[in-house]
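Spelled out from the first residue to the last, the chains are:
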Amino acid sequence: MKMKLAVLPGDGIGPEVMDAAIRVLKTVLDNYGHEAVFENALIGGAAIDEAGTPLPEETLDICRRSDAILLGAVGGPKWDHNPASLRPEKGLLGIRKEMGLFANLRPVKAYAPLLNASPLKRERVENVDLVIVRELTGGLYFGRPSERRGPDGNEVIDTLAYTREEIERIIEKAFQLAQIRRKKLASVDKANVLESSRMWREIAEETAKKYPDVEVSHMLVDSTSMQLIANPGQFDVIVTENMFGDILSDEASVITGSLGMLPSASLRSDRFGMYEPVHGSAPDIAGQGKANPLGTVLSAALMLRYSFGLEKEAAAIEKAVDDVLQDGYCTGDLQVKNGKVVSTHELTDKLIEKLNNSEARPRILQ
Ligand SMILES: NC(=O)c1ccc[n+]([C@@H]2O[C@H](COP(=O)([O-])OP(=O)(O)OC[C@H]3O[C@@H](n4cnc5c(N)ncnc54)[C@H](O)[C@@H]3O)[C@@H](O)[C@H]2O)c1
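Residues numbered from 1 in each chain as written. Predicted model: local features only at pLDDT ≥ 70, side-chain atom pairs only at ≥ 80, totals over all residues. Heavy atoms only, no water.

A.B. asks: Help me get a handle on the domain arrangement of the protein, residues and values and all.
C.D. replies: Reports of interface size often rely on the accessible area that becomes lost once the parts have come together. Each domain of the protein was delimited in the assignment, giving domain 1 (1-101 + 270-365) and domain 2 (119-256). Domain 1 and domain 2 are separated by 26 Å when their C-alpha centres are compared. Across the domain 1 to domain 2 interface the summed buried area is about 370 Å²; carbon plus sulfur atoms make up 66%. Its largest share of buried area at the contact with domain 2, domain 1 owes to Arg96, Leu101 and Tyr306, together 67% of the area lost on that side. Linking domain 1 with domain 2 are zero salt bridges. Put simply, domain 1 and domain 2 have zero residue pairs in polar contact (both at pLDDT 80 or more) between them. Residues of the side of domain 1 that touches domain 2, tallied by class, amount to two nonpolar, no polar and two charged. (Domains from an automatic or database assignment. Buried area = accessible area lost by both parts, 1.4 Å probe. Salt bridge = Lys/Arg side-chain N within 4 Å of Asp/Glu carboxyl O. Polar contact = N/O pair within 3.5 Å; in protein donor to acceptor, adjacent residues only side chain to side chain. Nonpolar A, V, L, I, M, F, W, Y, C, P; charged D, E, K, R; others polar.)

See the structure below:
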């Protein structure tokens, strides 16, 4: 397969973790006989410094002519006092909007060597392997009409608006994802109070008829937030609207206790997607070789799976991550018992070694 990839390293540790992900990606693509063209582009603070805007038109052009985007992270103290239009985060929101990315996927998976880092008891987290699918373009954060204050300043209004089409496309995406996973979908709403949630539930019920092999449950968001802590292992795919998803995905991200490990994908209805780690630009450790590259590496694996349908290749990367952690190699942010703390570059070398020695490597190449 041939693929064109837009690479947006961004700020802080972004370039370091991106370098690691590209090295891993090149290894796996080479091993399986695929070709990729990588085009680098500016975003965030780096783009403000060089081009005077967090999302230059040239970056958008490169993204538009690519099959998928890999992004590092944006932001840092250097730009914290910039006016709103010149904040690095504007680049992120802008690219999601311009590329029509409406579904944010955050997988959360427990890795045996990291279970001690979880704030939850080991037996509660050891089977966790879930994905939260969050709607990204509607709801309270994009109120229509937009939020406003009454004339005396003592009344405020935020509107929660959704169209049928916006709900249908995200629910459809979640069913498709459940179908290639363990075929369980929890649709999360607040249908006992909100009209938007009642429409959400109706659409989820209608869509379920097209996916009889997927077991669907409808859950209220308050109860879901309790269940995520009490029994996270019960979940496979969770789908929900923008604000509920924002809160639940942050809650879920601490279950496994390691921010640096978490990947994410932002998708639209076709196969195009943007893939990035959940963490930020970590300015406190930038340029020191301490950054954990695994969230970005695992984001590259998600890209192979969702944008290119390369399941074996994605699984090979995920297995390499598992194996390297099992061998005790980690970066300083991970609490691996008796772990050997190595640099970003060294951990990447270990991943590449695993990929090149793996039994899962295609036989013709061994
Ligand atoms: N998607 C994004 O690009 C994104 C997301 C969140 C925050 N940010 C931006 O990043 C900057 C820093 O934000 P923050 O400090 O709140 O969050 P952060 O995720 O950058 O860092 C939080 C803590 O986790 C550590 N950490 C994060 N990722 C790590 C990794 N891969 N390896 C090792 N340690 C890691 C950091 O050193 C820090 O101590 C801000 O400018 C913020 O706006 C960007």
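The structure having been displayed, the exposition proceeds.
A.B. asks: Please provide a residue-by-residue account of the pairing of strand 8 (residues 184-189), values included.
C.D. replies: The element strand 8 is largely enclosed, with a buried count of five among its six residues. In this sheet, strand 9 (residues 215-220) lies alongside strand 8 in parallel orientation, the contact comprising six bridges. Across the sheet, residue valine 188 finds its bridge partner in strand 9, namely methionine 219. Handedness of the β-α-β unit built from strand 8, helix 7 (residues 195-208) and strand 9 comes out right-handed. For strand 8 and strand 10 (residues 237-240), the ladder comprises four bridges, and the chain directions are parallel. Counted as the bridge partner of serine 187 is valine 239 from strand 10. (Buried < 20%, exposed > 50% of the residue type's maximum accessible area, 1.4 Å probe, protein only. Helix = DSSP H or I, 4+ residues; strand = E, 2+ residues; numbered from the N terminus. Pairing = 2+ DSSP bridges. Right-handed = clockwise from strand over helix to strand, strands pointing away.)

A.B. asks: Let's hear about the site of the ligand: which residues, and what values?
C.D. replies: Around the ligand, the surrounding shell holds 20 residues, and the nearest of these are Val74, Glu89, Gly280, Ala282 and Asn292. Taking asparagine 292, its main chain carries an N or O atom lying 2.8 Å from a nitrogen atom of the ligand. Of the residues contributing to the shell around the ligand, the split by class is nine nonpolar, seven polar and four charged. (Near = heavy atom within 4 Å.)

A.B. asks: Please provide a residue-by-residue account of the pattern of salt bridges, values included.
C.D. replies: The final tally for this structure, using the stated rule, is 27 salt bridges. When the shortest N-O distance is used, the salt bridge between glutamate 276 and arginine 96 registers 3.5 Å. Separated by 180 residues along the polypeptide, glutamate 276 in strand 12 (residues 273-277) and arginine 96 in helix 4 (residues 88-98) bring together distant segments of the chain. Ionic pairing is found between arginine 181 and aspartate 236, a salt bridge with its closest N-O pair at 2.8 Å. Here the residue arginine 181 occupies a position in the loop between helix 6 (164-180) and strand 8, and aspartate 236 occupies one in the loop between helix 8 (221-230) and strand 10, the gap between them amounting to 55 residues. Under the relative-accessibility criterion, arginine 181 is labelled partly exposed at 22%.

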